[in-house]
Amino acid sequence: TITVDPSARGAAIGDTMYGVFYEDINRAADGGLYAELVQNRSFEYSTADHASYTPLTSWTADGAAEVRDDAGRLNERNRNYLSLGAGSSVTNAGYNTGVHVEKGKKYDFSVWARAERGTTLTVTLEDAAGPLAKVREVAAEGAWRKYTATFTATRTSNRGRLAVATTAPAALDMVSLFPRDTYKGQSNGLRKDLAEKIEALRPGFLRFPGGCLVNTGSMEDYSEASGWQRERSYQWKDTIGPVEERATNANFWGYNQSYGLGYYEYFRFAEDIGAMPLPVVPALVTGCGQNKATDDDALLKRHIQDTLDLIEFANGPRTSEWGAKRAEMGHPKPFGLTHIGVGNEENLPREFMARFKEFRAAIEAEYPDITLVSNSGPDDSGATFDTAWQLNREAGVDMVDEHYYNSPQWFLQNNDRYDSYDRNGPKVFLGEYASQGNAWKNALSEAAFMTGLERNADVVQLASYAPLLANEDYVQWSPDMIWFNNHASWGSANYEVQKLFMNNTGDRVVPSTATGTPAVSGPITGAVGLSTWATSAAYDDVRVTSADGETLLSDDFSGDASRWTHTGTGAWSVQDGAYVQTDTAAENTMVTAGDPSWKDYDLHVEATKKSGK
Ligand code: AHR
């Protein structure tokens, strides 16, 4: 029984209550939201990014091709370039299965080159079946210069290859192929289907760029003085200006990040989707397993100054130093920054708080209206969490960022988590949460939990599921909200829940109470985009059908595990003809069909529950 009291006034719910947390994890940026189709376009991949990388990763050479790091380079921040001999060529394999092009669409090629007069660069776009567009020829001569050409795809393919051949010795850098059809048609823009899926959520805020990405690695900048640091924390100044002058970096999640998608592009995206921008800056304490505090006072002061400069970049007039850089990049109007996160999951609460206070003092002095978000450490329970919260309360911080990834059961059992939070203490930014799985029951448990967030909207003021994006071929973290490869993207069941809440955010809570637990019985039926869950312990069989009733896959759990793949947290095996989860603690298991073409269907799943359960 649900009892509603329409005359009582519950907490007001802000327009920014539900948002998204974007981190460059699972190749969310390069090969993902950033629309560039060439992988390792500036030949900067290195073993510092990933043990298997070389400067020619994703390239194959025919003839004389050598990556050089010498005074002949394009500029100081773009250290490597390719030296290509006469009659030689290089071919790029793109991301996933290759370069994706669609028939009839335009693709902008560009390259920076240094060559003798009379050099011709021949650029081809093809796959194993032949050309994908008319061959382009570019006449190059003299010192470093940018050359461009446009392709119109004559066929659709997601296995394309982009090749550049030269008639005479040439130096090449920043070899790029961009779809003309980006999100809102912007240059250096975003992949349309992914950006539109995020836009469709109607998020109230965009937290970026991480996560562990922000508060790990060296806090040094990218300069000769620092020895051209390869594993440095994410620092916003590295990521703005002309793309060929943005240094690349080793991404915490084990790959190279180009910073082609940088702070300007994040602010622009937040504005385009009507979301409040919420950047996170490093706090000079490293978390995420690194757990060190930097005692270099000059370095701390430099990061604090960088944060002040960030506010000026976002909000300053075009006559200010950093506001001028924003205007030069194409956005004279301020972006309207109001919130900044300092640090992420800091495991050393005392060291963190000491530094946070210095950030706060400097920012309050110049920008008293900016809300600074502190954090509560890596976990939602235990001594570190309690100490962090105590310090945050004592310091009277505005808002504390909490994170947790727990089982669906936990989410169901903790609907009342915030009922007992101090109404007069710091507000909560639930910056990262997810139940462990992308199955329907996970989405349902998150939805149930979100009703508890909403009921406590006077305390919980911002909340975002995490992570947002995952390229299916480069997964470091699962589950995720939106999945993609080089040519398609699909939202999870969890995505649908987020969309439902974000598109229907109320103005005010109407107090209600419920008694009795609704019973769950009969077959579980639902439309899913990606996957479903079923275990032999609980189900007799599972059947996956298309929207028009065609059976695509059915299983009575009597064998043949090869038809399924499993990405749950527990061990998974077939024993005595039945699917068995050997790790009973892992109550959530995600099972997906092995045939990659299956997700192009509008799928329906029906699983028959074992009698008596
Ligand atoms: O969302 C993935 C990671 O989870 C984030 O980088 C980090 O903040 C958390 O541990």
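Higher on the page you've got the structure.
Below you will find a few notes about this structure. Just so you know, these numbers come straight off a predicted model, no measurement behind them.

## Describing the packing of helix α8 (residues 440–455) against helix α9 (residues 493–503)
Contact pair α8 / α9: the axes reach a minimum separation of 8 Å and the direction vectors enclose 25 degrees. The orientation of α8 relative to α9 falls into the category roughly parallel. You can see that α8 and α9 cross each other, and the crossing is right-handed. Here α8 contributes W440, N442, A443, E446, A447 and M450 to the contact with α9, which in turn contributes A493, N494, E496, V497 and F501. Looking at the contact of α8 with α9 residue by residue, the class counts come to seven nonpolar, two polar and two charged.

## Concerning the sheet that holds strand β26 (residues 489–491)
Sheet strands line up and pair through hydrogen bonds in the backbone, either parallel or antiparallel. Taking strand neighbours across the sheet as the criterion, the three strands line up as β24-β25-β26 in an open arrangement whose pairing is mixed. Two strands close off the open sheet at either side, each with one partner strand: β24 (469–471) and β26. Taking each pair of neighbouring strands and ignoring which way they run, the sheet shows an average axis angle of 20 degrees. As paired strands, β24 and strand β25 (residues 482–484) are joined by three bridges and run parallel to one another.

## Notes on the site of the ligand
Near the ligand the following residues occur: E23, I25, G210, G211, C212, N344, E345, H403, E432, A466, P467 and W477. Looking at the shell around the ligand, its residues break down into five nonpolar, four polar and three charged.

## A look at the nonpolar core
Counting 130 residues, the largest nonpolar core has L33, A113, L172, L206 and L468 as its most contacted members. Sorting elements by how many residues they give to this core places strand β8 (residues 106–127) first, with nine residues. Shared between two domains, this core takes at least three residues from each, and those domains are domain 1 (18–29 + 184–505) and domain 2 (59–181). Aside from chain neighbours lying at most four places away, what touches L468 is V20, F21, Y22, A28, D480, M481 and I482.

## Topic: helix α5 (residues 349–366)
Across its 18 residues, α5 extends 26 Å between first and last C-alpha, which sits within 8% of the 26 Å expected from 1.5 Å per residue. Listed in full, the buried residues belonging to α5 are P349, F352, M353, R355, F356, F359, R360 and I363. Of the surrounding elements, those touching the buried residues of α5 are β17 (285–286), α3 (297–315), β19 (339–342), β20 (371–375) and α6 (383–395).

Criteria and cut-off values
- Starting from 1, residues in each chain are numbered consecutively following that chain's sequence as written.
- Reporting in this predicted model follows two pLDDT cut-offs: at least 70 for local features of residues, and 80 or more for side-chain atom pairs to be given and counted; totals over whole chains, interfaces and linings ignore these cut-offs and use all residues.
- Only the stretch in contact is used when fitting a helix axis, every axis being a line fitted to C-alpha atoms; angles between N-to-C directions are given from 0 to 180 degrees.
- Every helix listed is a DSSP run of H or I at least four residues long, and every strand listed is a run of E at least two residues long, numbered separately from the N terminus.
- We call two directions roughly parallel when the angle between them is under 35 degrees, roughly antiparallel when it is over 145, roughly perpendicular when it lies between 65 and 115, and oblique otherwise.
- The crossing is said to be left-handed when, going from far helix to near helix, the turn is anticlockwise and less than a right angle, and right-handed when the turn is clockwise.
- Contact criterion: two residues are in contact if their C-beta atoms, reconstructed from the backbone, are within 7 Å.
- Residue polarity follows a fixed list, in which Ala, Val, Leu, Ile, Met, Phe, Trp, Tyr, Cys and Pro are nonpolar, Asp, Glu, Lys and Arg are charged, and the others, Gly among them, are polar.
- In this scheme, strands are said to pair when DSSP sees at least two bridges between them.
- As used in this record, a residue near a molecule or strand is one whose C-beta atom, placed from the backbone, is within 6 Å of it.
- To form a nonpolar core, buried Ala, Val, Leu, Ile, Met, Phe, Trp, Tyr and Cys residues must be joined through C-beta atoms within 7 Å.
- Three exposure classes are used, based on other C-beta atoms lying within 10 Å of a residue's own C-beta, which is placed from the backbone: buried for 20 or more, exposed for 12 or fewer, and partly exposed in between.
- Boundaries between domains were set according to an automatic or database domain assignment.
- Working rule for helices: expected span equals 1.5 Å times residues minus one.

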